[in-house]
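Structural features, examined
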Amino acid sequence: MKIYEGTEHFGQVINPVVTSGTFDGVHLGHQKILKRIQTIADEISGETVLITFWPHPRLVLYPDEHNLRLLTTFEEKAKLLREFGIDHLLTIPFTKEFASLSSAEFIQQILIDTIKTRKLVIGYDHRFGKNREGGFEYLKDNVHRFGFELEEISREDVDNVGVSSTKIRKALEEGKVEVANEYLGREYELNGIIIKGQQLGRSIGFPTANVHIPHDYKLIPCDGAYAVTASVEGEIHQGMLNIGNRPTVNGSSQTIEVHLFDFEGDLYDKRIAVQLKAYLRPEVRFSGLDELKSQLQKDRNLAIQLLS
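Structural notes on the sheet that holds strand β11 (residues 255-260)
- The strand order around the closed barrel formed by 6 strands is β7-β8-β11-β10-β9-β12, and the pairing between neighbours is antiparallel. The average undirected angle you get between the axes of adjacent strands in this sheet is 45°.
- Looking at chain direction, strand β10 (residues 235-244) and β11 are connected through 6 bridges and run antiparallel. If you follow Ile243 over to β11, its bridge partner there is Ile256.
- Docked against the sheet, helix α9 (residues 177-184) engages β7 (188-195), β9 (224-232) and β12 (271-281), running at close to 125° with respect to β12.
- This element, helix α11 (residues 289-307), spans β9, β10, β11 and β12 of the sheet and lies at about 100° to β12.

Some thoughts on the environment of Gln38
- Looking at the secondary structure, you find Gln38 in helix α1 (residues 28-43).
- Placed 11 residues apart in sequence, Gln38 and Val49 show a C-alpha to C-alpha distance of 9.6 Å.
- In contact with Gln38, other than residues within four places in its own chain, are Thr48, Phe84, Gly85 and Ile86.

Thresholds applied
- Residues numbered from 1 in each chain as written.
- Predicted model: local features only at pLDDT ≥ 70, side-chain atom pairs only at ≥ 80, totals over all residues.
- Heavy atoms only, no water.
- Pairing = 2+ DSSP bridges.
- Helix = DSSP H or I, 4+ residues; strand = E, 2+ residues; numbered from the N terminus.
- Axes fitted to C-alpha atoms, helices over the stretch in contact; angles between N-to-C directions.
- Contact = heavy atoms within 4.5 Å.

As structure tokens, then:
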């Protein structure tokens, strides 16, 4: 997959089959669109092009809002799109200037002049252009002027999938990991770097690695304990993850700590990808380290059972 940051270096594409959107999470609803443009591209010996925007439009249009949390960072989204076989990923820097483009200007400048679109596929509710003025009806009424074909993923098709990024965010915020994973078609993933912590887990027989997530807009699921798998330097390990403030040891800020069942060695500064498999329990303040250790052993046993 070729990635273009801006339209300036976008190259020549054979029979471009195009779709557009933020595609946060690349969930089952998005995957329906991806499969459709791949099918069309195969039929006409073309190549797939996905247009997305970065930063997320809401971060630019509503800068005073600080509550937006995304299911995927740009790097995670690009990796997933590559795995789904997209040929070209065009990332358009979303600025206030770009947001002021009318739907007609977006179509002319991006879809026609830059990409030379052969066929455009969009979901029934997709909007574009200044104030989200453009949509499928506008495209359908004017497509004879544009020089490309148009296809809509119908309301019925999208509703049958019954998935949205909003539903997935809500599920994760409520600890409903299995629901989120079902909507995503895979496990929700946290990608980060291992940093040094207080090493309290080591003293009670449960050494943990502190995971630093470098992007503050990445959605962190609700506090609690989770059964997980984790990828470190290409090796997959089973383990359990705790998200929270560690009230038993008077923690004051949220941490993300993973305990790997079958790993010995130094993890510091290594990159880690943690896949959430199941929610074990909410975070609890215990009477002391002995009670905490006893609960961690129960968590471990349950996690091993669920992961097996």
